[in-house]
Structure formats: structure tokens, C-alpha cells
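# Notes for the structure review
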Amino acid sequence: MSDQTGNPLDDPAADPFAIAAQAASDIARITGVERHDIALTLGSGWGAAADIIGETTANFPATEVTGFSAPALEGHVGTLRSILTPRGKRVLVIGARTHFYEGHGVRRVVHSVRTAAATGAKTMVLTNGAGGIKHTWKPGTPVLISDHINLTAATPLEGATFIDLTDLYSMRLRDLARSIDPSLDEGVYCQFTGPQYETPAEVQMAKAIGGHIVGMSTALEAIAARQAGMEILGLTLVTNMAAGIQTTPLSHEEVMEAGRLAGPVISSLLARVIGAL
Ligand code: HPA
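Residues numbered from 1 in each chain as written. Predicted model: local features only at pLDDT ≥ 70, side-chain atom pairs only at ≥ 80, totals over all residues. Heavy atoms only, no water.

Moving on to the pairing of strand S4 (residues 90–95). Burial analysis of S4 places five of its six residues in the buried class, the great majority of the element. Where strand S1 (residues 38–41) lies against S4, four bridges are found, and the strand directions are parallel. Bridging from a neighbouring strand, Thr41 pairs with Ile94 of S4. Bridge count between strand S3 (residues 79–84) and S4: six bridges; the pairing is antiparallel. In the sheet register, Arg81 faces S4, and the bridge partner there is Val93. Between the end of S3 and the start of S4, which pair antiparallel, lie five residues, with Gly88 showing a positive phi angle near 85°. (Buried < 20%, exposed > 50% of the residue type's maximum accessible area, 1.4 Å probe, protein only. Helix = DSSP H or I, 4+ residues; strand = E, 2+ residues; numbered from the N terminus. Pairing = 2+ DSSP bridges.)

Dropping the structure here:
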């Protein structure tokens, strides 16, 4: 369904899970694939991975699927893809992330994750580009997300929905990723609302409360994925050292350039991880 006709998620009375079920049936119809096994959200820098995971059997604008919004940002491809891996797994690739800072509400932010779950996916791989706090991480370093701190003051959960977040970022999947690249470090991801980058003081706060990565996505999506019963793997590309950790100003161009330079290496890592799932 097209965005121009209004997004059904914007109706407060609508059931977001029913809309996700409708989206999943749109995807089944468009792709001819009844069920997907794995879902993968591509963040800044990770886009090239989709080409090497397996055979693309369908590639279509996300806006053809109920509830999806047009992408807000250059560098974030607004497409969905269905890929068949060499080992016969069906991967739904989400190149159409809706960010919290777009201001459309959390239901729209997590709609892709709920849709992925409704297609049958049991594993949710969330990737992003973000700022690094650990001095040992240079731009271009991929790291595993071990946990998160949600600084958005928002949640995808509605009502008294008490959900356990222990081991939110699956230890099993982190171990599996490390079996492919033993040099992978890990860290705690802090989701800020953005879209402004953090101040150096905010980065110091994130560090003081146990954070190692600062970004504008992922945590809300991970909560929704856990609610949907999926196993979650989080991967960050450190596109820059966080504000004040690096002395030079941050820019979107720098972030995109780091993604471009690291693209080939992190894409092959991601393809190998997906292949092992
Ligand atoms: N902060 C927040 N989001 C980001 C950053 C950052 O330093 N780099 C890329 N996305």
C-alpha cells in the first residue's frame, strides 16, 4: 500500500500486529516466498552485503508493502529483498529503516521488525553505523552489540507488556559471529533520539553509564524483535569516533565515506555470518 494514501499505522485505533500480518502477506504475494527464516536490517555501510549473501529472488520498493514509509535519508535504500542462501535459507533484507527521529512514532520504527516476524523469521540481524567510544576502535571497525541502553524515553511496547531483556543480543549468535571473526570486539549500544549527533558531554555520559557505542537506531527495534520472540544479532560499523573522542567535527559525509570504505570487508563478514545461521 502506498504511503501517499496515508499510513495505516498512524491510526491510533489500528492494531500494529494486524498491519504487520498484512505486510507479511504482501511480501509473500510479491516474492512468492511463503515464509522467511532470517531478517536482516541494513544500516549505514552494510548495504553491499545483500549482493553476496545469496541469490536475490525478489527486490522491490518497501512502499509496496502495507505500513512502510518512504525512506528519509540518502544512503538508506528503501527496498526490500528476498534472498535464497546457498544453504537454502530465505532471508528478508530490509533496506528501509524508519528512524525514531523522523517523528512518525515508534509503531512505524518497529514495523519492519514486526513484519519480519510475521513472515516467519526467527532470527533478526540488526546492523547500523554508529559512533565508537572505545579508543581502540578506529572508523571502519565492525563490533558486536552486547547490550543496549535505550535513551529515547520511548518503547515499542504498549500497555503493561513486561518483557525480559536479559541476553537481548543473543550470546549464541555473538559466539557464532566470533567463530567467523575472532577479532570482533563487542560493546553496549546507546540509542539517542538524534538526529543531531551527541555533544561530547553526552558521549561522556554514555561512557559513564556503561555505553561504548552511540547511535540513533536499533534498541527500539531489538525490543520489538524480542517481543516477537526472535533471536537477535546486533552489528555496528564504527563509522567515526564519537563526538569529543575524536577532536574533529562529525559529519554525515564522513559517516557515509567510512561506510563506503569498510563496505567490502564488513559485507563479506556479514554474508559469512548469515551463511552460518
Ligand atoms: N552518533 C550517533 N549516530 C551516529 C554516529 C554518532 O557518532 N555516527 C553514525 N551514526
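Picking up where we left off.
Okay, the site of the ligand next. Around the ligand, the structure places Gly129, Ala130, Gly131, Tyr197, Glu198, Val214, Gly215, Met216, Thr239, Asn240, Leu250 and Val255. Between Glu198 and the ligand, the recorded distance is 2.7 Å, taken from a side-chain N or O atom to a nitrogen atom. A distance of 3.4 Å is found between a nitrogen atom of the ligand and a backbone nitrogen or oxygen belonging to Val214. Protein chains bury 95% of the 260 Å² of accessible surface belonging to the ligand in isolation. At the level of elements, strand S5 (123–132), strand S8 (213–215) and strand S9 (231–241) are the ones that each hand at least two residues to the shell around the ligand. For the shell around the ligand, the leading source of residues is S5, giving three residues. Per-class residue counts for the shell around the ligand are six nonpolar, five polar and one charged. (Near = heavy atom within 4 Å. Polar contact = N/O pair within 3.5 Å; in protein donor to acceptor, adjacent residues only side chain to side chain. Areas by Shrake-Rupley, 256 points an atom, 1.4 Å probe, with all protein chains shown as cover. Nonpolar A, V, L, I, M, F, W, Y, C, P; charged D, E, K, R; others polar.)

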